[in-house]
Amino acid sequence: MVGEQGTSCLGKEISENLLYELFKLTDTGIIIALDNDTEAYKSLKNFFKKNKYAKKVKYFLYPKEFQCYDDINSIVKGSSIELDVYQLITQNSVSYSTAYTKLSISKLLEGKK
């Protein structure tokens, strides 16, 4: 939960049924904020390919200064600065095309190291 907003789901899959129900409850949109690990990015890749809502949601991408953290909770606990988590998430959330492009480029660059 982020402030008075947010829905958490356990696991690494986000179903179309869940998103269908969430879209009925919001007029401002949905942001997918996953953990910052390999399994989460594999799941996101699958979500991009198979979920009909993939282009209708936004995606939280970890900013450079927080890429060493495993998840949002570890940012909150481990950061030496006081954070507004809602602002962190909303200001670092991007469209499908931006997320897909940035993550694809990042993966390509990792292979070049």
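Residues numbered from 1 in each chain as written. Predicted model: local features only at pLDDT ≥ 70, side-chain atom pairs only at ≥ 80, totals over all residues. Heavy atoms only, no water.

### Examining the confidence of the model for the protein
What counts is decided by this rule: Every residue gets a pLDDT, meaning the predictor's confidence in that residue, from 0 to 100. Counting from the N terminus, the helices are the DSSP runs of H or I reaching at least four residues and the strands are the DSSP runs of E reaching at least two.
Confidence along the protein averages 86 in pLDDT terms, with 85% of residues attaining 70 or more. Of all secondary-structure elements in the protein, the lowest mean pLDDT belongs to helix 5 (residues 96–112), at 80, while strand 3 (residues 93–94) reaches the highest, 96.

### Focus: the packing of aromatic side chains
Convention followed: Note on aromatic pairs: the rings of Phe, Tyr and Trp (six-membered ring only in Trp) are paired at centre separations within 6.5 Å, and the planes decide the class, stacked below 30 degrees, edge-to-face beyond 60, tilted for the rest. Buried, partly exposed and exposed residues are distinguished by accessible area as a fraction of the type maximum, computed with a 1.4 Å probe on protein chains only: under 20%, between the cut-offs, and over 50%, respectively.
Applying the stated criterion across every chain yields a total of eight aromatic pairs. Residues Phe60 and Tyr62 carry aromatic rings whose centres are separated by 4.9 Å and whose planes lie at 65° to one another, so their mutual orientation is edge-to-face. With respect to class, Phe60 is no different from Tyr62; both count as buried. Taken together, the ring pairs in this structure connect Phe47, Phe48, Tyr59, Tyr96 and Tyr100 into an aromatic cluster.

### Some thoughts on the sheet that holds strand 1 (residues 31–32)
What counts here: DSSP-based pairing: two strands are paired if at least 2 bridges between them are found.
Taken in spatial order, the three strands of this open sheet run 1-2-3, and their pairing is mixed. The open sheet has two edge strands, strand 1 and strand 3, and neither has a second partner.

### Some words on helix 2 (residues 38–50)
Keep this limit in mind: In a helix, the anticipated span is given by 1.5 Å times the number of residues less one. Directions drawn from the helix axis to the C-beta atoms are what define this arc.
Taking 1.5 Å per residue, 13 residues should reach 18 Å; helix 2 reaches 19 Å between its end C-alpha atoms and fits that length. Among the residues of helix 2, Ala40, Ser43, Leu44, Phe47 and Phe48 are the ones counted as buried. Each buried residue of helix 2 sits inside an arc of 145° when the element is viewed along its axis, so together they form one side. Those residues of helix 2 that are exposed and aimed more than 90 degrees away from the buried face are Thr38, Lys42, Lys45, Lys49 and Lys50.

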